[in-house]
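Coordinate inspection notes
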Amino acid sequence: MLKYYIVSDIHSQFDLLLQALLDAGFDMENESDILVIAGDILDRGKQGDSLILFLELLIRKKRILAAMGNHDKYLCDILNQKATYREIAWNIEHNGFAETLLLGLSKSQLEEIYKLEIVHEMRNQFIQKYPVFAEWILTLPKYIEFPHHIIVHGFIDFSLKDWHDTSEKYAMWERGYKYQIPTSFTKKIIFGHTPNEYISGNDDIIYENQKIMIDGGAAMNHKINVLCLTEEQI
Ligand SMILES: [Mn+2]
């Protein structure tokens, strides 16, 4: 039976991720163990290179699923040649994006990121270094729907007639802890994007009605929570 190990907001903290997965019983040799990421893989932390190489092993084995987080989107915009200098500068200043750009650029090149040719250089170097990851991250969906759960980075828009039409922006950016899920909705929603310490004063997983909040604050060097669900439970 497949077993799903669900995490979120890794933010390039490879050591934290690996230890959390080992503690939860994740086995690299077991083809039934699947990693699920509720968004925000890179930025802020300094172990992006090791993290990507690890994830590429799982991508090759088709043992990983992920929903698109806002930070994943920043990288996709570079890969798709859609990022503007204004956005890149903002993300360097506020969102730890320099750490990700340094995966494809030298420190001196990073200082010239205002030049379009340097942005293209970053894109080309990144694709050359991490071809499997670069191709994969561009395909991430805004949410993943399972029989009993939905995995999303931000939240699901229940103001719509059909929640399936939730926009990518809403799915990546909304703060789910502020919302209630309609009682008629029968699935649980697993999401990250806001460190649980900010919500409850504690890094552990928060279970609230049909909401499961799992961001352990890895970006601040706190914790990566792992939620394990079997094929029947998910
Ligand atoms: Mn986020």
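In this report, we go over the structure that sits alongside the text. (Residues numbered from 1 in each chain as written. Predicted model: local features only at pLDDT ≥ 70, side-chain atom pairs only at ≥ 80, totals over all residues. Heavy atoms only, no water.)

This next bit is on the coordination of the manganese ion. At the metal site, the manganese ion is ligated by Asp-40 (OD), Asn-70 (OD1), His-153 (NE2) and His-193 (ND1), and these contacts range over 2.2 to 2.3 Å. The class for Asp-40 is buried, based on a relative accessible area of 2%. Of the residues examined, His-153 reaches a relative accessible area of 0% and is grouped as buried. (Donors = N, O, S within 2.8 Å, 3.2 Å for Na, K, Ca; no water. Buried < 20%, exposed > 50% of the residue type's maximum accessible area, 1.4 Å probe, protein only.)

For Arg-63, the position within the fold is in the loop between α2 (48-60) and β3 (64-66). We classify Arg-63 as buried; its relative accessible area is 1%. Sequence spacing of Arg-63 and Glu-31 is 32 residues, and the spatial spacing of their C-alpha atoms is 7.3 Å. With residues near it in sequence (within four places) discarded, Arg-63 still touches Phe-26, Asp-27, Met-28, Asn-30, Glu-31, Asp-33, Ile-34, Leu-35 and Leu-58. (Helix = DSSP H or I, 4+ residues; strand = E, 2+ residues; numbered from the N terminus. Contact = heavy atoms within 4.5 Å.)

Here the focus is the sheet that holds strand β6 (residues 188-191). On the basis of which strands lie adjacent, the open sheet formed by five strands has the order β4-β5-β6-β8-β7 and mixed pairing. The sheet is open, and its two edges are formed by β4 (143-145) and β7 (206-208), each paired on a single side. Between one strand and the next, the sheet's axes are offset by a mean angle of 15°, whatever the strand orientation. When β4 meets strand β5 (residues 149-152), the two strands line up antiparallel, connected through three bridges. Counted as the bridge partner of Tyr-143 is Val-152 from β5. (Pairing = 2+ DSSP bridges. Axes fitted to C-alpha atoms, helices over the stretch in contact; angles between N-to-C directions.)

With that settled, consider the pairing of strand β2 (residues 33-37). Along β2, five of the five residues are buried, which leaves the element largely enclosed by surrounding structure. Burial along β2 is two-sided: Asp-33, Leu-35 and Ile-37 and Ile-34 and Val-36, pointing in opposite directions, are all buried. In this structure, strand β1 (residues 3-7) lies alongside β2, joined through five bridges in parallel fashion. Each residue of the ladder has a partner; that of Tyr-5, found in β2, is Leu-35. Viewed along the sheet, the connection from β1 through helix α1 (residues 14-24) into β2 turns out right-handed. In this sheet, β3 lies alongside β2 in parallel orientation, the contact comprising three bridges. For Leu-35, the partnering residue across the bridge sits in β3 and is Ile-64. (Right-handed = clockwise from strand over helix to strand, strands pointing away.)

Right, let's get into the packing of α1 against α2. The contact between α1 and α2 brings their axes to 8 Å, and the two run at 40°. When the axis of α1 is compared with that of α2, the two are oblique. Contacts between α1 and α2 involve Phe-14, Leu-17, Leu-18 and Leu-21 from the first element and Ser-50, Leu-51 and Phe-54 from the second. A class-by-class count of the residues in the contact of α1 with α2 yields six nonpolar, one polar and no charged. (Parallel < 35°, antiparallel > 145°, perpendicular 65-115°, else oblique. Nonpolar A, V, L, I, M, F, W, Y, C, P; charged D, E, K, R; others polar.)

This paragraph deals with the packing of aromatic side chains. On inspection of all chains with the given rule, the structure shows 16 aromatic pairs. Taking 5.6 Å as the distance between ring centres and 90° as the angle between the ring planes, the aromatic pair formed by Trp-163 and Phe-185 counts as edge-to-face. Taken as a pair, Trp-163 in the loop between β5 and α9 (168-173) and Phe-185 in the loop between α9 and β6 lie far apart in primary sequence, 22 residues in all. Residue Phe-185 is classed as buried on the basis of its relative accessible area of 11%. Each member of the aromatic cluster is reached from another via a ring pair, and the members are Tyr-143, Phe-155, Phe-158, Trp-163, Tyr-170, Tyr-179, Phe-185 and Phe-191. (Phe/Tyr/Trp six-rings, centres within 6.5 Å; stacked < 30°, edge-to-face > 60°.)

Our focus in this paragraph is the pattern of salt bridges. Within the structure shown, the criterion is met by eight salt bridges. Note that Glu-31 and Lys-61 form a salt bridge whose closest N and O atoms lie 3.6 Å from each other. Placement of the pair is Glu-31 in the loop between α1 and β2 and Lys-61 in the loop between α2 and β3, with a sequence separation of 30 residues. We classify Glu-31 as partly exposed; its relative accessible area is 47%. (Salt bridge = Lys/Arg side-chain N within 4 Å of Asp/Glu carboxyl O.)

Just distances and angles here, no functional claims.
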